[in-house]
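Inside the fold
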Amino acid sequence: MALTGTVRAPGEDDAAVRRTVAAHRATDRRRTRERVVRGAWRVARGVAAGELPEETDVDGRTLLVRGFLLGVSTQVSDGTSARDPHAAADSLLAA
C-alpha cells in the first residue's frame, strides 16, 4: 500500500516518477499479455476440447496473471515462505 500511495501521490515533484513507474507497469502488462496470447493456442485447444468456455477472455486472464504476480512478488519481498506462493499458484491454476 505504501508504494501505491507514493506512486499515486499528487504533486508535480512526483510526476516524473509516476510516469516512469506507469510506463514500466504498461510494459509489464504488454509482455504478460504477449505470453498469455502465445499460450492462447492452448486456450483455443481447451475451448475446442470443451475444457474452457468459448467466451474465455485473454485480456481478463492477462489481468488475473499480472495481478497475481504483483501480489506474489510483494509477499516474497516480505519474506513469505516459498510454499505459500506455490500453494497460491496451484489454487489460481485450478480455478
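Our structure is the block above this text.
Residues numbered from 1 in each chain as written. Predicted model: local features only at pLDDT ≥ 70, side-chain atom pairs only at ≥ 80, totals over all residues. Heavy atoms only, no water.

**Quick notes on helix α4 (residues 58-77)**
Its 20 residues give α4 an end-to-end C-alpha distance of 28 Å, which sits within 8% of 28 Å, the value for a rise of 1.5 Å per residue. Taken residue by residue, α4 has Thr62, Arg66 and Val72 as its buried positions. The arc enclosing the buried residues of α4, seen along the axis, measures out at 135°, which places them on a common side. Packed against the buried residues of α4 are α2 (15-38) and α5 (83-94). At the N-terminal end of α4, a side-chain oxygen is found 3.2 Å from the backbone nitrogen of Gly60, two or three residues along, and the residue is Asp57. Within two residues after α4, Gly79 carries a phi angle of roughly 95°, on the positive side. (Helix = DSSP H or I, 4+ residues; strand = E, 2+ residues; numbered from the N terminus. Expected span 1.5 Å × (residues − 1). Buried < 20%, exposed > 50% of the residue type's maximum accessible area, 1.4 Å probe, protein only. Arc of directions from axis to C-beta. Contact = heavy atoms within 4.5 Å. Polar contact = N/O pair within 3.5 Å; in protein donor to acceptor, adjacent residues only side chain to side chain.)

**Quick word on the packing of α2 against α4**
At a minimum axis separation of 9 Å, α2 and α4 run at an interaxial angle of 125°. Taken together, the axis directions place α2 and α4 in an arrangement best described as oblique. In the crossing of α2 with α4, the sense of the turn from one axis to the other is right-handed. Between α2 and α4, the contacting residues are Asp28, Arg29, Thr32, Arg33, Val36 and Val37 on the first element and Val58, Asp59, Arg61, Thr62, Val65 and Arg66 on the second. When its residues are assigned to classes, the contact of α2 with α4 shows four nonpolar, two polar and six charged. (Axes fitted to C-alpha atoms, helices over the stretch in contact; angles between N-to-C directions. Parallel < 35°, antiparallel > 145°, perpendicular 65-115°, else oblique. Left-handed = near helix turned anticlockwise from the far one by under 90°. Nonpolar A, V, L, I, M, F, W, Y, C, P; charged D, E, K, R; others polar.)

**Some remarks on the packing of α4 against α5**
Interaxial distance between α4 and α5 falls to 11 Å at its minimum, and their mutual angle equals 165°. On the basis of their axis angle, the class for α4 and α5 is roughly antiparallel. Crossing geometry of α4 relative to α5 is assigned as right-handed. Within the contact between the two elements, α4 uses Leu64, Phe68, Val72 and Val76 and α5 uses Pro85, Ala88, Ala89 and Leu92. When the residues that make up the contact of α4 with α5 are grouped by side-chain class, the tally is eight nonpolar, no polar and no charged.

**Some details on the side chain of Arg66**
Its location among the elements puts Arg66 in helix α4. On the basis of relative accessibility, which here comes to 13%, the residue Arg66 falls in the buried class. There is a polar contact of 2.9 Å between the side chain of Arg66 and the side chain of Asp28. Ignoring anything within four residues of it in the chain, the contact list for Arg66 reads Asp28, Arg29 and Thr32.

**Focus: the pattern of salt bridges**
For the structure on display, the rule yields three salt bridges. The shortest N-O distance in the salt bridge between Arg30 and Glu34 comes to 3.3 Å. You can see Arg30 and its partner Glu34 sitting in helix α2, four residues apart, about one turn around the helix. The partly exposed category is assigned to Arg30, whose relative accessible area is 44%. Overall, Glu34 belongs to the partly exposed group, its relative accessible area being 38%. Among the ionic pairs, Arg83 bridges to Asp84, the shortest N-O distance being 3.6 Å. Residue classification places Asp84 among the partly exposed residues on the basis of a relative accessible area of 36%. (Salt bridge = Lys/Arg side-chain N within 4 Å of Asp/Glu carboxyl O.)

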